[in-house]
Amino acid sequence: MVRIVTDSTSDIPRDVAEELGIQIVPLRVIFDQEVLLDGIDITSDEFFERLVSSPTLPTTSQPPPSDFQKVFEAAVQAGDEVVCIVISSELSGTYTSAIMAKEAMPDAPITVIDSRTTSLALGLVAEEAARMALDGATREQVTRRVERLLPLTSILFIVDTLKYLQMGGRIGGAQALVGTLLNIKPLLTVEGGRVEPVERVRTRRKALDRLVEIAVERSKQTEHSYHVGVLHSSAPQDAERVAKQVQERINCARIYVGQLGPVLGTHVGPKVVGVAMTPALPEEDG
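Just so it is clear, the structure is predicted and the values come from calculations on it, not from any experiment.

As a further point, take the sheet that holds strand β11 (residues 226–233). Across the sheet, which stays open at both edges, the six strands sit in the order β10-β9-β8-β13-β11-β12 with mixed pairing between neighbours. Pairing within the sheet leaves two strands with one partner each, and these edge strands are β10 (194–202) and β12 (252–259). Across this sheet, the average inter-strand angle for adjacent strands is 20°, counted without regard to direction. The pairing of strand β8 (residues 154–158) with strand β9 (residues 184–191) spans three bridges and is antiparallel. The residue of β9 that forms the bridge with I158 is L187. Of the strands in this sheet, β8, β11, β12 and β13 (272–279) touch helix α5 (residues 119–134), which is tilted by about 140° from β11.

So, on to the sheet that holds strand β3 (residues 28–31). In spatial order, the strands read β4-β3-β5; together these three strands make up an open sheet with antiparallel pairing. Unpaired on one side and paired on the other, β4 (34–37) and β5 (59–61) mark the two borders of the sheet. Recorded for the sheet is a direction-independent mean angle of 30° between the axes of neighbouring strands. Taken together, the four bridges between β3 and β4 define a ladder with antiparallel strand orientation.

For the pair helix α8 (residues 204–219) and helix α9 (residues 236–249), interaxial distance at closest approach is 10 Å and the crossing angle is 30°. Judged by the twist between their axes, the crossing of α8 over α9 is right-handed. Across the interface between the two elements, R204, R205, L208, D209, L211, V212, E213 and V216 of α8 pack against D238, R241, V242, Q245, V246 and R249 of α9. Among the residues making up the contact of α8 with α9, the classes are represented as six nonpolar, one polar and seven charged.

Conventions adopted
- Residues numbered from 1 in each chain as written.
- Predicted model: local features only at pLDDT ≥ 70, side-chain atom pairs only at ≥ 80, totals over all residues.
- Heavy atoms only, no water.
- Pairing = 2+ DSSP bridges.
- Helix = DSSP H or I, 4+ residues; strand = E, 2+ residues; numbered from the N terminus.
- Axes fitted to C-alpha atoms, helices over the stretch in contact; angles between N-to-C directions.
- Contact = heavy atoms within 4.5 Å.
- Left-handed = near helix turned anticlockwise from the far one by under 90°.
- Nonpolar A, V, L, I, M, F, W, Y, C, P; charged D, E, K, R; others polar.

Right under this line is the structure:
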């Protein structure tokens with residue numbers, strides 16, 4: 001069987017990961033000298049409460065190669081093969097850690113993929129890979145499907161402020177928006193592995209509406225239905241509203257609302273809302 005491995009920035013809900021047998025390797029979030037495992041030592045709710053009251057911005061770090069190696073070894077010893085899909089190498093050193101773990105096991109049947117994205121865009125693809133694996137697909141079949149899906153997968157999100165992206169050094173092309181009017185809400189995406197600007201919208205309400213409109217436009221790029229994840233950081237009501245609009249306007253094979261984890265939350269801050277989508281490709285197109 002093929003075991004799917006990803007990292008905690010995938011934002012896959014724990015119950016979904018357990019149901020599908022997805023192994024999640026946590027990144028770290030660091031408050032002063034306190035190192036916490038993303039999603040294990042600190043929950044999203046606990047993190048955002050602490051973030052807004054913290055006098056200094058926490059930092060983050062990728063897992064060491066040994067964390068991936070332990071997961072890889074356990075899978076291989078159980079007779080499984082591995083497909084590991086991780087956050088964009090432009091945003092984190094996590095891919096490098098996973099590659100180093102694979103290289104320490106040169107004869108093991110392990111494939112490591114740089115998703116060039118993050119959050120539920122990564123999570124939805126990992127979920128699809130896990131469902132294929134449970135249906136008996138080979139490592140080569142899962143890898144082909146993942147590599148086909150990733151260029152068709154998108155993520156859009158609005159941030160309440162660019163402060164966190166700028167301070168965390170992950171701002172990418174959105175740097176061009178720094179210094180714009182305070183009431184402008186940036187609409188961003190991950191493109192080419194980096195955070196890039198899409199539009200500047202006045203007022204949060206208009207930004208949420210525009211988020212849905214662009215998601216609808218992108219859904220027309222294929223004729224397939226979509227697996228959709230609506231993500232948020234401490235903005236559940238906005239996320240539910242966006243999810244309702246998306247469900248009404250996009251042919252959704254599956255949709256759920258999830259919260260950003262602490263590591264991504266460090267870089268985007270509270271009150272983020274986003275939409276991630278990947279097409280539900282038929283088997284013969286995999």
